[in-house]
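Observations on the model geometry
The residues making up each chain are set out below.
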Amino acid sequence: MNNSEIIKADVLIAGAGIAGMKAACTAAAKGSSVTVIAKSADAASNYVLGFNAPLAPDDSAELYAKDTSKGGGEINNPKLVKILSENAVSEVEFVEKTGLEFDRDGSGYRLLKPLGCTVPRLVH
């Protein structure tokens, strides 16, 4: 695209991470034309890698919230941490409905244990 080209869209989304992609899918599902802009031509690297969600049998939204608060130096907004931890599993389900497949083994998701997490939690 050259600098003089004009792109028309009902919705412009800045960022191609998980939030940007969800916003784009939601807007498109409601009939809007959508344009996503990002720093590079690919989705954000954290989206490609995956994200944390309390999916393991020994994990919970409460433990996820505790790890998140600790990782944030206990200065996180507790209300936002609660919303994040309580909705992370539904975000995994949303992403899967779009066709993205996360790694699995015979017992379920193959989760990684990122720094600061008490249990494996990174679905990728």
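See the structure shown above.
To keep things clear, this report deals only with the structure shown in the data block. (Residues numbered from 1 in each chain as written. Predicted model: local features only at pLDDT ≥ 70, side-chain atom pairs only at ≥ 80, totals over all residues. Heavy atoms only, no water.)

**Examining the overall build of the protein**
The criterion, for reference: Here a strand is any run of E in DSSP of at least two residues, a helix any run of H or I of at least four, and the numbering for each starts at the N terminus. Each residue's exposure class comes from its accessible area (1.4 Å probe, protein chains only) as a fraction of the maximum for that residue type: buried when under 20%, exposed when over 50%, partly exposed otherwise. By definition, residues are in contact when any of their heavy atoms lie within 4.5 Å. Only the protein chains shown count as cover for residues, and all accessible areas are computed by the Shrake-Rupley method using a 1.4 Å probe.
Regarding its fold elements, the protein presents 4 helices and 6 strands. Split into buried and exposed, the 124 residues of the protein put 26% on the buried side. Expressed as a percentage of contacts within the protein between residues at least 6 apart in sequence, the contacts between residues at least 24 apart total 52%. Carbon and sulfur atoms form 56% of the exposed surface of the protein, whose accessible area is close to 8,500 Å².

**A few points about unusual backbone geometry**
Notably, Glu-74 is not glycine yet its phi reads approximately 60°, a positive angle. Among the structural elements, Glu-74 can be located in the loop between helix H3 (61–71) and helix H4 (78–97). The class of Glu-74 is exposed, set by a relative accessible area of 57%.

**What to know about the nonpolar core**
Note the following rule: In this description, a nonpolar core means a group of buried Ala, Val, Leu, Ile, Met, Phe, Trp, Tyr and Cys residues linked to one another through side-chain atoms lying within 4.5 Å.
Phe-51, Ala-53, Ala-56, Tyr-64, Ala-88, Val-92, Val-95, Phe-102, Leu-111 and Val-123 together form the largest nonpolar core, which totals 10 residues. Tallying contributions element by element places H4 first for this core, with 3 residues. Dropping the residues within four chain positions of it, Phe-102 is found in contact with Phe-51, Val-92, Val-95, Glu-96, Tyr-109, Val-123 and His-124.

**Re the pairing of strand E2 (residues 34–37)**
Strand residues, when the strand is regular, have side chains that alternate between the two faces of the sheet. The condition is simple: By this definition, two strands are paired if DSSP reports at least two bridges between them. Call a crossover right-handed when, viewed with both strands pointing away from you, the route from the first strand across the helix to the second goes clockwise.
In the sheet, strand E1 (residues 11–14) pairs with E2 via 4 bridges, with the strands oriented parallel. In the strand pairing of E2, Ile-13 is matched with Val-36. In this region the chain leaves E1, passes through helix H1 (residues 18–29) and returns to the parallel neighbour E2; the handedness of that crossover is right-handed.

**Some thoughts on H3**
Those residues of H3 that sit buried are Tyr-64, Ala-65, Asp-67 and Ser-69. Buried residues along H3 sit in contact with strand E3 (51–52) and H4. Just past H3, the residue Gly-73 takes up positive phi, approximately 70°.

**A word on the packing of aromatic side chains**
The description of two aromatic rings rests on the distance between their centres and on the angle between their planes. Short version of the rule: Side-chain rings of Phe, Tyr and Trp, where Trp is taken by its six-membered ring, are said to pair if the distance between their centres is within 6.5 Å; with planes under 30 degrees apart they count as stacked, over 60 as edge-to-face, and otherwise as tilted. In this scheme, Lys NZ or Arg CZ marks a charge over a ring once it lies within 6 Å of the ring centre and within 35 degrees of the ring normal.
Scanning all chains against the criterion turns up 2 aromatic pairs. When the ring of Phe-51 is compared with that of Phe-102, the centres are 6.0 Å apart and the planes differ by 80°; the resulting orientation is edge-to-face. Of this pair, Phe-51 sits in strand E3 while Phe-102 sits in the loop between H4 and strand E4 (104–105), placing them 51 residues apart in sequence. With respect to burial, Phe-51 and Phe-102 carry one shared label: buried. Where Phe-102 meets Tyr-109, the ring centres are 6.5 Å apart and the plane angle is 70°; that geometry is what we call edge-to-face. Among the aromatic residues, those joined into a ring-pair cluster are Phe-51, Phe-102 and Tyr-109. Sitting over the face of the ring of Phe-94, Lys-22 holds its NZ or CZ atom 5.0 Å from the ring centroid. One cation-aromatic arrangement involves Arg-104 over Tyr-109; the distance from NZ or CZ to the ring centre is 4.1 Å.

**A short note on the layout of surface pockets**
Note the following rule: For each structure, a 1 Å grid was placed over the protein atoms alone; sets of points admitting a 1.4 Å probe that cannot get out are labelled cavities, open sets with protein on both sides within 12 Å along at least five of seven lines are labelled pockets, and lining residues have an atom within 4 Å of a point. Grid points are joined across faces, edges and corners, and a volume is the space filled by probe spheres set on the points. All amino acids are sorted into three groups, where Ala, Val, Leu, Ile, Met, Phe, Trp, Tyr, Cys and Pro are nonpolar, Asp, Glu, Lys and Arg are charged, and the leftover types, Gly among them, are polar.
In this structure, the largest pocket encloses a volume near 210 Å³. Taken together, Ile-18, Ala-19, Lys-22, Phe-51, Asn-52, Tyr-64, Ile-83, Leu-84, Asn-87, Ala-88 and Glu-91 make up the lining of the largest pocket. Considering every element that reaches the lining of the largest pocket, the biggest residue donor is H4, with 5 residues. When its residues are assigned to classes, the lining of the largest pocket shows 7 nonpolar, 2 polar and 2 charged.

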